[in-house]
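# Close look at the chain arrangement
Chain by chain, the residues run as shown.
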Amino acid sequence: ILKLMEEKPVPKPRTKEQMAGGRAKRVMPEAMVFFHNWSSFHGRSHRRRSSEPSIKKEHLHGIRKSQLHTLPSCPEHPSYRYDQYCQQCEVPACPGCVTSGLHRGHDVQNISNVFDLMREIVQKDTQELDMFISPFYDTVMSDIETTHKIVVAKHQERKKMIVEVGKNLHKIVDNITQRYLKDENEMEADDLKQIQSLEMRFLRLRNQVRMTVDENHQILTNNDFTKFIGQLLNYTSKNQHFRDVPERFEMVVADFNPSIPEEGELCEIIGSLGITKTKSIDRYRLPILRKITDKSHKTASSSHSYHLLGKIRTGFTRTARVSCSQDGDQLYVCGDSKVIKHFSKEKFELIEEVQTLTGNEPFDITVTKDGVLVYTDWEDGSINIVKGGKVEGLVKLTEWKPQAICCTYTNELLVAIKMADHTQSKIVRYHDCKVTQEIQYNDSRTPLYANPAFVEENKNCDIIVSDWTNQVVVVVTRLGKFRFSYTGNLQTSKNKKFNPFGLATDSQSHILISDCDNFVVHLIDKNGQFLHYIEGCHLQYPWGLCIDKLNVLFVAECYSNDVKRIQSQK
């Protein structure tokens, strides 16, 4: 630190005339003290002062005498060291500088206070970097590495498919070629058979004609009159027979005109290679970790006080789900009814009631970034949206049933769906009603979920799911890679087994989990570390959860008609 102080120049202290402007008292910048050139400051600003006032070392407060030698000496007052700091001038000073009157009326503090302040700032920054920011980037790097593996594997899969398509096409062409050759051989044999039959018939006729011609020549060349007369008397003309030419045919073999598709046509038949799409994750600022506590001292008995702000009477016998918009201006509640109730955020008065399209109870509700209500209908297998008081269908499932739903920070929908035969469950991401991601298994191909009850997205894009059947909360990354599971706080035991239901996340990426049977809400950090319980406030069977922009927690109590509003008093 002292070396840095000696390397950087500092501004001159302000004169009395400069300070006379009545400017408001300034606060020392957090990191300023590290960059002062202690040895040159008073050489510039106090060179005109030759006298050195007589001040005893008893004026040094907060600096141990054993540490005095570590402080730089004042060049203007060599017998004194810089053990003071002027807040207004933002420069170090020695007792001689203070009594000289140049810092008169200024807030001059012991330099040890400055070092303590800077040490505390550095310590807090280091804790935040170590406990929050660095793990976040570790998660991002893990996601990028997973994406890298997925991309490489997908391209390898596509290459194998291309080679396989080529082999299949060659096989198909070879099969067609062999079939054509077989057909061609059969056609050739049939054609030759017909030609040969015709040839044999006319060959016989031609031979008969030639034989008749020879016989007639013999008659005409016979000099024996007696025989000649006998031959003429027995002669019968065959010309009439030969003039009647039998039916015959001409055979024209058709040309083979193969239809060879162009390269583009063949590509259309085979299919095109889809271009890789990159989906941008919007830039956002990590929330400030306002208070960091030592994990070694975290226990379930840590004092955290929560205040019950009030209750909202919903009118349901069983209040199940509650959801508020991200801007905190809209609040929706559903329960054992076919209607979803919309309450104002000012006086929490009922604004409207929205009836489901089928008359079934909604399974879950969420509010998009645009303030639009979306709900799932388990019986109907549909996901529906409410615009202008009118219900419209978004997605219709056949073999699957939609259960929990939430809206992400990128205005997409995460939906927990379950097979109608209850054999499989998974999380599906929808973008513009199209499935863009499915999360079902871990790296070992073991199912992550048995019966997802609630789903929520954290500020770091982790996906959180509470599982009814397994009584566990499962957390995966944005890409679906398993991070951790939470089965309750092992340090303290409640009366009943951990039974997770509703989920919510606050501005510090803490995860809130309603433990219905134990009448508490668990608060854990984004890495699954238990922090404390939210209890008291007369909670009874907490079910659905949501948090507004002011970090006010809304808790839907299952077996009452209340939604309680709770806020931390810390």
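All figures in this text were calculated on a predicted structure; none of them were measured in a lab. (Residues numbered from 1 in each chain as written. Predicted model: local features only at pLDDT ≥ 70, side-chain atom pairs only at ≥ 80, totals over all residues. Heavy atoms only, no water.)

## Here's the deal with the nonpolar core
Ranked by internal contacts, the top residues of the largest apolar core, which has 20 residues, are Val-473, Tyr-486, Ile-511, Ile-513, Ile-524 and Trp-543. Broken down by secondary-structure element, the contributors of at least two residues to this core are strand S17 (452-457), strand S19 (472-476), strand S20 (482-486), strand S21 (500-505), strand S22 (511-515), strand S23 (520-524) and strand S24 (530-534). Ignoring any residue separated from it by four or fewer positions in sequence, one finds Trp-543 in contact with Thr-319, Ala-320, Arg-321, Phe-454, Trp-468, Phe-501, Gly-502, Ser-514, Cys-516, Ala-556 and Cys-558. Grouped together as the second largest cluster of nonpolar side chains are 15 residues, Ile-383, Ile-405, Ile-417 and Tyr-430 included. (Core = buried A, V, L, I, M, F, W, Y, C linked by side-chain atoms within 4.5 Å. Buried < 20%, exposed > 50% of the residue type's maximum accessible area, 1.4 Å probe, protein only. Helix = DSSP H or I, 4+ residues; strand = E, 2+ residues; numbered from the N terminus. Contact = heavy atoms within 4.5 Å.)

## Topic: unusual backbone geometry
Only a minority of non-glycine residues have a phi that is not negative, and only a minority of peptide bonds are not trans. Phi at Cys-433 is positive, roughly 70 degrees, even though this residue is not glycine. Relative to the assigned elements, Cys-433 resides in the loop between strand S15 (425-431) and strand S16 (434-439). Accessibility expressed as a relative area gives 42% for Cys-433, which makes it partly exposed. Positive phi values are uncommon outside glycine, yet His-538 reaches one of about 55 degrees. Inspection of the secondary structure puts His-538 in the loop between S24 and strand S25 (542-547). Residue class for His-538 comes out exposed when judged on its relative accessible area of 65%.

## Things to note about the layout of surface pockets
The volume enclosed by the largest pocket comes to roughly 1,800 Å³. Elements with a contribution of two residues or more to the lining of the largest pocket: helix H5 (111-220) and S16. Looking at the lining of the largest pocket element by element, the count peaks at 16 residues for H5. Among the residues making up the lining of the largest pocket, the classes are represented as 15 nonpolar, 14 polar and 15 charged. (1 Å grid on protein atoms, 1.4 Å probe; cavity = no way out; pocket = protein on both sides within 12 Å on 5 of 7 lines; lining within 4 Å. Points joined across faces, edges and corners; volume = space filled by probe spheres on them. Nonpolar A, V, L, I, M, F, W, Y, C, P; charged D, E, K, R; others polar.)

## Notes on the pairing of strand S5 (residues 319-324)
When you tally the buried positions in S5, you get six out of six residues, the bulk of the element. Direction of pairing for S5 relative to strand S6 (residues 330-335): antiparallel, over a ladder of five bridges. The partner of Cys-324 across the bridge, within S6, is Leu-331. (Pairing = 2+ DSSP bridges.)

## Side note on the sheet that holds strand S9 (residues 364-367)
Remark on secondary structure: sheet strands pair via backbone hydrogen bonds, oriented parallel or antiparallel. Spatially, four strands are ordered S9-S10-S11-S12 in an open sheet, and the strand pairing comes out antiparallel. Two strands close off the open sheet at either side, each with one partner strand: S9 and strand S12 (390-396). With strand direction ignored, the average angle separating the axes of adjacent strands in the sheet is 25 degrees. By the bridge criterion, five bridges tie strand S10 (residues 373-377) to strand S11 (residues 382-387) in an arrangement that is antiparallel. Counterpart to Thr-376 in the pairing with S11 is Ile-383. (Axes fitted to C-alpha atoms, helices over the stretch in contact; angles between N-to-C directions.)

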